[in-house]
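# Understanding the architecture of this molecule
Okay, here's what each chain looks like letter by letter:
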Amino acid sequence: QVQLVESGGGSVQTGGSLRLSCAASGFTYTNYYMTWFRQAPGKEREDVATVSTSGDYTYYRDSVKGRFSISRDNTKNTVSLQMNSLKPEDTAIYYCAACKRFNGACIETAYWGRGTQVTISS
């Protein structure tokens, strides 16, 4: 069965750091770009960062550029999101997804994880 399991979420103060990880199984992980999305209560889901199949290309939402870093380890079928200098606006549920179509951002996904909560307090 397809699984994308996020971990590493939690609560941290403004300016702190968290590292999210996503373990993929049950599908050909290396065929997909991988994207981190997030969704805050009452707001639309938004893409945060995407990494290409090889890891050579990365995309970041403007609001996280310079603070977040996405990477993948194709030997372990994992994708990570290192988040530094966190702000209250980063508070959301973060989801790992396999991206089916990418056009500057992930516009269609194939698989989703269940998400992990990230809470930034001031």
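The rules we used
- Residues numbered from 1 in each chain as written.
- Predicted model: local features only at pLDDT ≥ 70, side-chain atom pairs only at ≥ 80, totals over all residues.
- Heavy atoms only, no water.
- Helix = DSSP H or I, 4+ residues; strand = E, 2+ residues; numbered from the N terminus.
- Polar contact = N/O pair within 3.5 Å; in protein donor to acceptor, adjacent residues only side chain to side chain.
- Disulfide = S-S within 2.5 Å.
- Buried < 20%, exposed > 50% of the residue type's maximum accessible area, 1.4 Å probe, protein only.
- Core = buried A, V, L, I, M, F, W, Y, C linked by side-chain atoms within 4.5 Å.
- Contact = heavy atoms within 4.5 Å.
- Pairing = 2+ DSSP bridges.

### Quick notes on the side chain of Arg38
Following the sequence through the fold, Arg38 ends up in strand β4 (residues 33-39). At 2.9 Å, the side chain of Arg38 and the side chain of Tyr94 are in polar contact.

### Concerning the state of the cysteines
Scanning all chains against the criterion turns up two disulfides. Across the disulfide, Cys22 is cross-linked to Cys96 (sulfur-sulfur distance 2.2 Å). Between Cys22 and Cys96 the disulfide shows an S-S torsion of about -80°. By sign, it is left-handed. With Cys22 in strand β3 (residues 18-25) and Cys96 in strand β9 (residues 92-102), this pair connects stretches of sequence that are 74 residues apart. For Cys96, a relative accessible area of 0% corresponds to the buried category. If you count the bonded cysteines of the protein chain from the N-terminus, they pair up as 1-2, 3-4.

### Quick word on the nonpolar core
Residues Met34, Trp36, Val79, Leu81, Met83 and Tyr94 are the most contacted members of the largest nonpolar core, which totals 29 residues. Elements represented by at least two residues in this core include exactly β3, β4, β5 (46-51), β7 (68-73), β8 (78-83), β9 and β11 (116-121). Non-local contacts of Leu81, meaning those with residues more than four positions away in its chain, are made with Leu18, Arg19, Leu20, Trp36, Val48, Ala49, Phe68, Ser69, Ile70 and Tyr94. The next biggest cluster of nonpolar side chains, apart from the first, holds five residues, and it includes Tyr95, Ala97, Cys99 and Cys106.

### Considerations on the pairing of β3
Side chains Leu18, Leu20, Cys22 and Ala24 of β3 all project onto a buried face; the interleaved residues Arg19, Ser21, Ala23 and Ser25 project onto a face where none is buried. Pairing of strand β1 (residues 3-7) with β3 involves five bridges; the strand directions are antiparallel. If you follow Gln3 over to β3, its bridge partner there is Ser25. For β3 and β8, the ladder comprises six bridges, and the chain directions are antiparallel. Bridging from a neighbouring strand, Leu20 pairs with Leu81 of β8.

### Re the pairing of β8
Working note: regular strand, side chains alternate between the two faces of the sheet. Where β7 and β8 come together, six bridges link them in antiparallel fashion. Bridge pairing links Phe68 to Met83 in β8. Counted between consecutive antiparallel strands, the loop separating β7 from β8 contains four residues, among which Asn77 sits at a positive phi close to 55°.

All we've got here are geometric facts, nothing functional implied.
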